[in-house]
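Listed below are the residues making up each chain.
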Amino acid sequence: MPKLAIKGGTPVRTELFPAYNTIGSEEKEAVMKVLDSGNLSQFLGAWHKDFYGGPTVQQFESDWASAFNCKYAISVNSNTSGLFSAIGACGIQAGDEVIVSAYTMSASALAPIIYGAVPVFADVDDNNFGLCPESIERCITPRTKAILVVHIFGNPAKMDEIMRIAKKHNLCVIEDCAQAPLASYKDQEVGTIGDIGIFSLNYHKHIHTGEGGVLTTNNDELAERIYLIRNHGENIVEPKGVENVFNSHGFNFRMTEMEAAVGIQQLKKLPGLIDQRIGNAAKLETALSKIEGIQTPVIEEGSKHVFYVQALRFDQEKIGVDRNTFVNALKAEIPSAVLREDTPLIGAGYVKPLYLQPLYQQRATHCSFNCEKYKGEVDYSKGICPNVEKLHFHELVTHEYMRPGMSDKDIADVIEAFNKVALNVEELR
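A brief report on the enclosed structure follows. (Residues numbered from 1 in each chain as written. Predicted model: local features only at pLDDT ≥ 70, side-chain atom pairs only at ≥ 80, totals over all residues. Heavy atoms only, no water.)

### Observations regarding the layout of surface pockets
Left-over empty space is what a probe sized like a water molecule reveals as it rolls over the atoms.
Step number 1: The calculated volume of the largest pocket comes to roughly 940 Å³.
Step number 2: Along the walls of the largest pocket sit 43 residues, with Asn202, His204, Lys205, Tyr308 and Glu400 positioned nearest its centre.
Step number 3: Those elements that provide at least two residues to the lining of the largest pocket are α3 (79–89), α4 (106–114), β13 (346–348) and β14 (396–399).
Step number 4: Of all the elements, α3 adds the most residues to the lining of the largest pocket, at 3 residues.
Step number 5: Considered as a void within the structure, the second largest pocket measures approximately 260 Å³ in volume.
Step number 6: If you go around the second largest pocket, you meet 15 residues; those closest to its centre are Val120, Phe121, Arg138, Cys139 and Asp379.
Step number 7: Of all the elements in the fold, those that place two or more residues in the lining of the second largest pocket are β3 (118–122) and α5 (133–139).
Step number 8: Take the lining of the second largest pocket: its biggest share by element is 3 residues, from α5. (1 Å grid on protein atoms, 1.4 Å probe; cavity = no way out; pocket = protein on both sides within 12 Å on 5 of 7 lines; lining within 4 Å. Points joined across faces, edges and corners; volume = space filled by probe spheres on them. Helix = DSSP H or I, 4+ residues; strand = E, 2+ residues; numbered from the N terminus.)

### Looking at the pattern of salt bridges
Step number 1: Applying the stated criterion across every chain yields a total of 22 salt bridges.
Step number 2: One salt bridge in this structure joins glutamate 26 and lysine 269, with 3.4 Å as the shortest N-O distance. Placement of the pair is glutamate 26 in helix α1 (residues 25–37) and lysine 269 in helix α9 (residues 257–288), with a sequence separation of 243 residues.
Step number 3: Here glutamate 26 falls in the partly exposed class, since its relative accessible area comes to 35%.
Step number 4: Two residues, glutamate 426 and arginine 429, come together in a salt bridge whose shortest N-O distance is 2.1 Å. Across this residue pair, the class does not change: glutamate 426 and arginine 429 are exposed.
Step number 5: Counted as one network, the salt bridges with shared partners bring together Arg13, Lys409, Asp410 and Asp413. (Salt bridge = Lys/Arg side-chain N within 4 Å of Asp/Glu carboxyl O. Buried < 20%, exposed > 50% of the residue type's maximum accessible area, 1.4 Å probe, protein only.)

### Focus: the sheet that holds β13
Two pairing modes exist for strands in a sheet, parallel and antiparallel, and in both the strands are linked by backbone hydrogen bonds.
Step number 1: If you trace the 4 strands from one edge of the open sheet to the other, you get β10-β12-β14-β13, paired in antiparallel fashion. Looking at which strands have only one partner, the edges of the open sheet turn out to be β10 (294–295) and β13.
Step number 2: Contacts between α9 and the sheet are confined to β10, β12 (310–314) and β14, with β12 contributing the most and set at about 15° to the helix.
Step number 3: Against the sheet, helix α11 (residues 323–333) touches β12, β13 and β14, its axis set at about 160° to β13. (Pairing = 2+ DSSP bridges. Contact = heavy atoms within 4.5 Å. Axes fitted to C-alpha atoms, helices over the stretch in contact; angles between N-to-C directions.)

Take a look at the structure:
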């Protein structure tokens, strides 16, 4: 048998995988049109027709609403801004609690803190890694006002059960769809099932505008409050005649005309890019699922997974070595990609459970956990989310080898590397 590269053998591949670059001539032409106009942004922080932005921003929002079958699509300058806007629009305030995932990008849990509220971490489902409905139920208190669901890795969470819980307790549901554009749950687009959805247009997402985001909602009142928060709402409420001014103070979360121009073109490419991800993931699943100890993603019946990454479960007992050792051996067999030379396309785990960050361990805010209005007692100790900790520290493997641009030969090299390491684990013991 060939010797593993990590032990001095010849790697399966040394040539870098292709770059993931969705920007083409269409985006360049669209941006040049905006540049030639001299109108790079048309927002005004005053009650005026330009309170809603310029023509390109509004065209992008209209196109997004059509593509995602929703009444409102509201652009912002990042998914993080979108999260902050959504929490504010739902009326969250000091003393409230918001149930969030412990296994996601930090901004999802930070958003309630911005408004003085307390994030309460629920565990994730063992199969799709979204919020676990049973764990959500256990976290609900009289102070709970919202559930912030993350469709992590592009795989929809169990929205039927989550929405039943929300209805029972009269809770706002915010869907963080940063990694899941055009994913669907039982034939309904994620981001349109709860009260508000948020999407990311950061440079490493399915499509991007460099930085940027979009909020979706079918609720007129929530849409108005998002518009106010996005663009200096404190200046708008009086001339517009807004009666409920709570949480209407605004920020500058506005998207530029250039970003919107890129977004219009990128949106046209999204369905095709997702089809490529799904197709490549299927090829990898067929091969990798044959390796005893590797489990490919579990997708709810009727759901559509759009594969921001392909997340695998690793069984140390069946494979015979620990996950980190196995992943390090894989990294030695295959390289990263053009433009990602120093960042592997595969990793062990995802992010450290958020409640273990210093922010939560030290309760390091001026309000939120320490606010006199907060009458609860939140637990951020190790062990509160056993599934998250098991996945992160022992079982989860995430990779991007299903990205568009990967050829059949590229995917074959990935499969060969997995098989080579799996067949030679004795060398790693």
